[in-house]
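For reference, the chains in residue letters:
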Amino acid sequence: MTALKPLIAGNWKMVGLPDDLGRFAEAMRAWGGTSRGDLLICPPATLIGAAVQAFNGLGIAVGGQDCHAKASGAHTGDIAAPMIAAAGGAFVIVGHSERRADHAETDAQVRAKAEAALAAGLTPIICIGEQLQQRQAGETLAVVEASLRASLPEGDLARLVIAYEPVWAIGTGLTANADQIAEVHAHLRQVLTSIHASGAQVKLLYGGSVKPGNAVEILSVADVNGVLVGGASLIAADFQAIAMACPA
Ligand SMILES: O=C[C@H](O)COP(=O)(O)O
């Protein structure tokens, strides 16, 4: 199988004003480095359109951090997938653990959001991951497999991205070690290919305290096809260092 081009994705979460975007874009424009991966920034919804313009010519795609399962309607405060696409976004994160926790999102809702994203022409990045107690109880593979199966849209999987994000590693400075990541990613790959042949083309990202200091090791793990970076993606120099950590 041809190697999948890594995806280096930044999730700015609820951080970022226009000035922050301007400074980040300026630093990316001045950057002399290159990456073997594709680059993506998912800013707050208010900055999606501005980010598309600010990153023009820089080879950085833009995405949303969530979308509603419906294409439009009376859902105050929500954003629909076609709105992200119309603003120039190409990706959308769905099922991030912070949304699963803060908004009690279920796998079924995540799946509906992923389907809405596909219908709008967006690439959904479906997040799954275990809680610390589940890992300690030896339930990690069962938990992520169940969540994966229940969150996946039907049919061809080639347009999907899956992000494995152990909840205990998000924003904590703790990362899963290379063996733990390899075990989960191998399992996810096996499940995906057993569901559909196109499962071999799904990019599997790791997320959870990815930093310049651990990116080379993480991106070298088998079946890691990129990273979903939170805090470090807000700092252009850190995002650049992670982008340059893709293996040859
Ligand atoms: O979406 C990104 C993840 O939640 C990871 O965040 P973090 O890199 O700040 O741990």
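For the structure, see preceding data.
A brief report on the enclosed structure follows. Residue numbering note: each chain is counted from 1, following its sequence as written. The model is predicted, so local features are restricted to residues of pLDDT at least 70 and side-chain atom pairs to those at 80 or more, both for listing and for counting; the totals for chains, interfaces and linings are taken over all residues. Hydrogens are left out, water is left out, and the side-chain values use all remaining heavy atoms of the structure.

## Notes on the side chain of His187
As a reminder, the rule being used: For the purposes of this entry, the term helix denotes a DSSP run of H or I that reaches at least four residues, the term strand denotes a run of E that reaches at least two, and both are numbered from the N terminus. In what follows, a contact means two residues having at least one pair of non-hydrogen atoms within 4.5 Å.
Among the structural elements, His187 can be located in helix 8 (residues 178-195). Beyond its immediate chain neighbours, meaning those up to four positions away, His187 contacts Leu141 and Glu145.

## Considerations on the site of the ligand
Defined as follows: Distances are taken per atom, and a residue is near a molecule or strand as soon as one of its heavy atoms is within 4 Å of it. Distance and chemistry together define a polar contact, namely a pair of N or O atoms within 3.5 Å, with one atom able to donate a hydrogen and the other to accept it when in protein, and with adjacent residues in sequence counting only for side-chain atoms on both sides. For this classification, the nonpolar set comprises Ala, Val, Leu, Ile, Met, Phe, Trp, Tyr, Cys and Pro, the charged set comprises Asp, Glu, Lys and Arg, and every other residue, Gly included, is treated as polar.
Around the ligand sit 13 residues in total, of which Lys13, His96, Gly171, Ser209 and Gly231 are the nearest. At a separation of 2.8 Å, an oxygen atom of the ligand approaches a polar backbone atom of Ser209. Residues of the shell around the ligand, tallied by class, amount to 4 nonpolar, 7 polar and 2 charged.

## Concerning the nonpolar core
Note the threshold: In plain words, nonpolar cores are sets of buried Ala, Val, Leu, Ile, Met, Phe, Trp, Tyr and Cys residues tied together by side-chain atoms within 4.5 Å. The buried label goes to any residue with under 20% of its type's maximum accessible area, the exposed label to any with over 50%, and the partly exposed label to all in between, with areas taken from a 1.4 Å probe on protein chains only.
Ile8, Phe55 and Ile162 are the most contacted members of the largest nonpolar core, which has 60 residues in total. Among the nonpolar cores identified, the runner-up in size contains 12 residues, and Leu40, Ile125, Val161 and Leu228 belong to it.

## Observations regarding the pairing of strand 2 (residues 38-42)
This is how it is decided: When DSSP finds two or more bridges between two strands, those strands count as paired. The path from the first strand over the helix to the second decides the hand: if it runs clockwise while the strands point away from the viewer, the crossover is right-handed.
Buried residues dominate strand 2, accounting for 4 of its 5 residues. Relative to strand 2, strand 1 (residues 7-11) runs parallel, the two being bridged by 5 bridges. When the sheet's bridge partners are listed, Gly10 is paired in strand 2 with Ile41. Regarding the hand of the β-α-β motif, the stretch spanning strand 1, helix 1 (residues 18-30) and strand 2 is right-handed. In terms of handedness, the path from strand 2 via helix 2 (residues 48-54) over to strand 3 (residues 60-64) forms a crossover that is right-handed.

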